[in-house]
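Commentary on secondary and tertiary structure
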Amino acid sequence: MRRSVRFGNFVREIAHEQKRVDFAAITAADPDPRKRLRLHSREVFNIIEPYVAVRLAEQLKAVVPLALYLALFQLLILRQDVVDGAIITAGLCCVIIGLMLFMEGLKVGLMPFGEVIGTSLPQKSPLPIVLLIALLLGVGVTFAEPAIGALKAAGAIVTVERAPYVHALLNDWSGTLVLLVGLGVGLAAVLGTLRFLYSWSLKPLIFASLVPTVGLTIYISQDPELSKILGLAWDAGAVTTGPVTVPLVLSLGIGIAASAGKNNSSLSGFGIVTLASLFPVLGVQALALYIRATVPLEDIMAAGQTASVVSEPAWYESTPGVEIVGGLRAIVPLVLFLLLVLTVVLREKIRHPGEIAYGITLCVVGMIVFNLGLSYGLAMLGEQSGSLVPAAFTTLDAVANSPLYQLSLGLTIAAIFAWFLGFGATLAEPALNALGLTVETLTNGAFRKSVLMYAVALGVGFGIAIGVLKLYFEIPMIWLVVPGYGLAAVLTLLSNEEFVNVAWDSAGVTTGPVTVPLVLAMGLGFGEAVGADEGFGILAMASIGPILAVLTTGIWIQWKTRRRHADEDGEDNA
């Protein structure tokens, strides 16, 4: 049985089986069996326990190994106790429970909307309306993305003196920032929908997106102060492709393609995640240019200094009330939009309203609990570990006898720490396992799931390690982005369409709701400890790494396949 079977269907199946077995006995005693069907607490537990255990295990696999790794590294290698361990443990439990509730609510309450709308929309509405709804859906899912809260909250740890434009983007302009990131996702949904409808190749869309994005990166890098936003801009693309955006937008696009009879290609599900990773970068860059053109730098500095607090900023400070409001604000507008499209535009009735209401409730509760866990668990642990890692190679006031190791050895330890963090976090992502199974099926076993997973994990590991070294050596973002994506463009030209789709989408599945806050907090803590102007850019490197790794692996598989066919042809001719 698939893990994604809905709870309502699961309960109905068990209830149906129980009725079938006991039907004769029950009806003999009472003509209406529903009046006599009763479940004791133990029976209810037996029904619910397998359902909960599977979903709980998924989140435990994603969270617990990473938390143990960070804690053990801090205790054994850095020789430092974990501060506020009880609070962090409680926060991690909230992350696990919140993600479990949220993901199940997403499957039960929100995914059916995407499927129904995607199937019915092109049949009942003209193409402009279809594209407008795809655009608005992209904006809505961005606000509902769990990891987007980590991006907004990161503004509290960025000082206006070191990075004024980054501080302005994440504080004074945070709402506009998320809106433009959402518009980027919406434009990706529009292009992805058109691609599904007209069977466009992904390669031209990649190059058409890369040229302006990299071009703006080169232009912005010429301004010493403005160039500090590049890490944030490229990180924003990684934040958007999470558990809400990918399934909802994909279900809409594939549903539209299916209704138009254009889903006969095995590649119909790939490509849209790539665009949803690149377009938000353009949005952040455009907003930064607008701020520079309209707001004097002196005003930004003055506003940032006025708003700063006396105590050391802690981006994990939060309250349950704030999280409840945040959870409602993230989910309710998206649900209202989907309901409006379904009932007003499509004039469709809501099927299984009880299940939908149940799923939406789970989404809201899960988002609230997850955000609390993010504030008091992942963010605290990630920032604490990241801020202590530099003690391996430099002097920190908070760590006695630092540096703990010689400079070269300490830097090597820091890079290895980052590599294992990225490698382990990637292998723990459930979305990567699902992608691996899909790719192995579509390539008829030529690209095995294990090969894809390890290629992606290696790419993320090296990407995060390079990102950490980038912060210490203050390597300009342009020196990493331009060569990295330039090499990716060359490999894209050399690869066939199938591997291009897989490689570019693999960057999106690696940045889940656990990985993003953890790596983001770790990078910000590390950057602050080493005196970097800002701590962004690590997620960007974690995105380009798997693209290069999978493209390279794909080219090797292509060469290996051609060589095998050539050998077989030679044997036949002989």
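In this text the structure is predicted, and so the values were computed from the model without any measurement.

Let us look at the overall build of the protein chain. Scanning the protein chain from terminus to terminus reveals 22 helices and zero strands. The burial tally for the protein chain puts 53% of its 574 residues in the buried class. If you take every contact in the protein chain between residues at least 6 apart in sequence, the share linking residues at least 24 apart comes to 85%. Accessible area for the protein chain stands at about 24400 Å²; split by element, carbon and sulfur atoms hold 64% of it.

With that settled, the discussion passes to unusual backbone geometry. Excluding glycine, a negative phi dihedral is what most residues carry, and trans is how most peptide bonds are arranged. Residue Ser-402 is joined to Pro-403 through a cis peptide bond whose omega torsion reads 5 degrees. Phi at Glu-474 takes a positive value of approximately 55 degrees, unusual for a residue other than glycine. Within the fold, Glu-474 resides in the loop between helix 18 (449–473) and helix 19 (477–494). With a relative accessible area of 54%, Glu-474 lands in the exposed category.

On to a nonpolar patch on the surface. Together, Leu-60, Val-64, Leu-68, Leu-72, Leu-75 and Leu-76 line one region of the surface with nonpolar side chains, adding up to about 520 Å² of accessible area. Counting through the fold element by element, Leu-72 comes out in helix 3 (residues 41–77). Accessibility expressed as a relative area gives 45% for Leu-72, which makes it partly exposed.

Using the criterion set out here, one finds three salt bridges in the structure. A salt bridge links Glu-225 to Lys-228; the nearest nitrogen and oxygen atoms lie 3.3 Å apart. A relative accessible area of 26% means that Glu-225 is categorised as partly exposed. Residue Lys-228 is classed as buried on the basis of its relative accessible area, which comes to 14%.

Let us now look at the environment of Ala-425. Residue position: Ala-425 is located in helix 16 (residues 407–427). Owing to a relative accessible area of 4%, Ala-425 belongs among the buried residues under this scheme. On a C-alpha basis, the gap between Ala-425 and Leu-518 in space is 9.5 Å, while along the polypeptide they are 93 residues apart. Ignoring any residue separated from it by four or fewer positions in sequence, one finds Ala-425 in contact with Leu-66 and Thr-515.

Here the protein chain averages 80 in pLDDT, while 81% of its residues score no lower than 70. Per-residue pLDDT stays below 50 along residues 1–31; that stretch engages in 37 contacts with residues further than four places along the chain or on separate chains.

Time to look at helix 19. Look at helix 19: 26 Å from first C-alpha to last across 18 residues, which is about the 26 Å you get at 1.5 Å a residue. Along helix 19, the positions that sit buried rather than exposed are Met-477, Ile-478, Leu-480, Val-481, Gly-484, Tyr-485, Ala-488, Ala-489, Leu-491 and Thr-492.

So, about helix 4 (residues 85–124). Compared with an ideal rise of 1.5 Å per residue, which puts 40 residues at 58 Å, helix 4 spans 55 Å between its outermost C-alpha atoms and is within 8% of the ideal. Where helix 4 bends most, the angle comes to about 40 degrees, and this point is Leu-110, followed within four residues by the proline Pro-112.

Parameters at a glance
- For every chain, the first residue of the written sequence is number 1, and numbering continues from 1 onward in sequence order.
- The predicted nature of this model means local features are confined to residues of pLDDT at least 70 and side-chain atom pairs, given and counted, to a pLDDT of 80 or more, with totals for whole chains, interfaces and linings taken over all residues.
- Each side-chain value is worked out from all heavy atoms of the structure, with water and hydrogens disregarded.
- Under the DSSP-based scheme used, a helix requires at least four consecutive residues in state H or I and a strand at least two consecutive residues in state E, with every element numbered from the N terminus.
- Only protein chains enter the calculation, and the probe is 1.4 Å; a residue is then buried if its accessible area is under 20% of its type maximum, exposed if over 50%, and partly exposed in between.
- By definition in these notes, contact holds between two residues if any of their heavy atoms fall within 4.5 Å.
- For the accessible areas, the method is Shrake-Rupley and the probe is 1.4 Å, while residue cover comes only from the protein chains on display.
- Patches draw on residues past 30% relative accessible area with no salt bridge. Two like charges within 9 Å are joined, as are two nonpolar side chains (Val, Leu, Ile, Met, Phe, Trp, Tyr) within 5 Å.
- Only one rule defines a salt bridge in this text: a Lys or Arg side-chain nitrogen within 4 Å of an Asp or Glu carboxyl oxygen.
- Confidence scores here are pLDDT values: one per residue, from the predictor, ranging 0 to 100.
- Expected helix span is taken as 1.5 Å per residue step, with the number of steps being one fewer than the number of residues.
- Bend is the name given here to the angle between axes fitted to two runs of seven residues, the run ending at a residue and the run starting at it.

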